[in-house]
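# Coordinate inspection notes
Below, each chain spelled out in residue letters.
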Amino acid sequence: MLVSSFSVFAEPVEIKFSHVVAENTPKGQMALKFKELVEQRLPGEYTVSVFPSSQLFGDNNELAALLLNDVQIVAPSLSKFERYTKKLQVFDLPFLFEDMAAVDRFQQSEEGQKLLNSMNRKGIVGLGYLHNGMKQFSAHAPLSTPADASGKKFRIMASDVIAAQFDAVKAIPVKKPFSEVFTLLQTRAIDGQENTWSNIYSMKFYEVQSHITESNHGVLDYMLVTSNTFWKSLPKDKRDIIKKSLDEAVVLGNEIAAAKEGEDKQAILDSKRSELVSLTAEERQQWVNAMKPVWTKFESQIGKDVIDAAQAANK
Ligand code: LMR
C-alpha cells in the first residue's frame, strides 16, 4: 500500500550542526557525541551532520542561516549574540567571573537559565550552555601591564563589550571572524588576540604569537541554539530524545573543556613556540583597574539584576 510504504522508505530527517572550531575541541567533541547519541537512539529517523571549522557557516552568517533553517543547531560563543540580545553581554564583562566554577554556577542559576530564553522573540531557542574556558591574551610581544597593549591591534569577536575592554587599555580592537585569525596573526595584520587555551592550541595561534599572558580575564563559553521553527516542528517524543542527547553530549564536552584548560596549555608550553607571561598580583590588578569600568558602561543594557546575579556566583 502506497500510504504505509511512505514511512518505510522515508528518508531520515537531517539535523545539521555547524560550528567554527576544530574537531579536537570541547565543542567539536560535543557535536560528535551528540551525533552518535541521536543516531543510536533514533536510527533511520534522524541523522546529524556535523560541519566543523566554519566549513558550512562561519561567524558572519551562522545565526542568520539558523533562522532560515539552513542549519538546525549552532553553538556560537556567548559573545556573538549581540544582535539578538544585549543580556548575554554579561559574559563578556572583564574580570567578572573568578573561575569556571563560578561561570557554571551562574549558568545553572535561575537567572542564567532565564537567559536561555532571551532570544525567543527573535525566533532563537537556547538549549543549553557549553563550556570552553577562561580567555588569555596573546601577542607578538609580552603583555605584562595594560601599557604593553596600548596602540596594539587585537582581533576580537563581534562584541561591543570586548571592544570597550580593549579601548580601555588604549588598544585597537578589530572585529573579525574566527576563521581569519590565524592568517591575520601570521601576516601581522594584527598584533594579538584573546582566546582560550583550547582555541589557541587547536588553531595553532601559539605558532604565530611569541607570548601568551595567563590573564584569565574573561570567559569564552557557548550557547547551543536552534530555531523556534525547527524545534516546534519536531514531535514531542523525538524532541525529548534529541534534547536528552544534547544534554549528555554537553556533559562530555564540559569534561573535555576542563581537561583541555590544563592539557592544551601544557602542550603549548612544551612546544616552546610561545612564551608564557605570568602576571604578578600587582600587574593583574592594573588590568582589573583599567578594564573594570567597562561594567558601568554596559550596565543599563545588560541589566543590573543580571550582573548582580553573575557576581553572586563567585561566592
Ligand atoms: C572565537 O571567535 O574566538 C571563538 O568564539 C571561537 C569558538 O567558537 O570557540
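For the structure itself, consult the block above.
These notes cover the structure that comes with them. As the structure is a computational prediction, the values presented were derived from the model and not from experiment.

## Some points on the packing of helix α2 (residues 26-41) against helix α11 (residues 236-271)
Helix packing geometry: the angle between the two helix axes and the distance between the axes. Interaxial distance between α2 and α11 falls to 8 Å at its minimum, and their mutual angle equals 150°. Relative to α11, the element α2 is oriented roughly antiparallel. The crossing of α2 and α11 is right-handed. For the contact of α2 with α11, a count of residues per class yields 13 nonpolar, 3 polar and 5 charged.

## Some thoughts on the pairing of strand β4 (residues 124-139)
Of all 16 residues making up β4, 16 are buried, and the element is well covered by its neighbours. Looking at chain direction, β4 and strand β8 (residues 211-227) are connected through 12 bridges and run antiparallel. Bridged to lysine 135 within β8 is glycine 218. Of the strand pairs in this sheet, β4 and strand β7 (residues 192-195) are connected by 4 bridges, and their pairing is antiparallel. Bridge pairing in β7 places glutamine 136 opposite asparagine 195.

## So, the side chain of glutamate 111
When you line up the elements, glutamate 111 lands in helix α5 (residues 110-114). Residues in contact with glutamate 111, not counting those within four places in the same chain, are Phe106, Asp305, Val306 and Ala309.

Scoring rules and cut-offs
Residues numbered from 1 in each chain as written. Predicted model: local features only at pLDDT ≥ 70, side-chain atom pairs only at ≥ 80, totals over all residues. Heavy atoms only, no water. Axes fitted to C-alpha atoms, helices over the stretch in contact; angles between N-to-C directions. Helix = DSSP H or I, 4+ residues; strand = E, 2+ residues; numbered from the N terminus. Parallel < 35°, antiparallel > 145°, perpendicular 65-115°, else oblique. Left-handed = near helix turned anticlockwise from the far one by under 90°. Nonpolar A, V, L, I, M, F, W, Y, C, P; charged D, E, K, R; others polar. Buried < 20%, exposed > 50% of the residue type's maximum accessible area, 1.4 Å probe, protein only. Pairing = 2+ DSSP bridges. Contact = heavy atoms within 4.5 Å.

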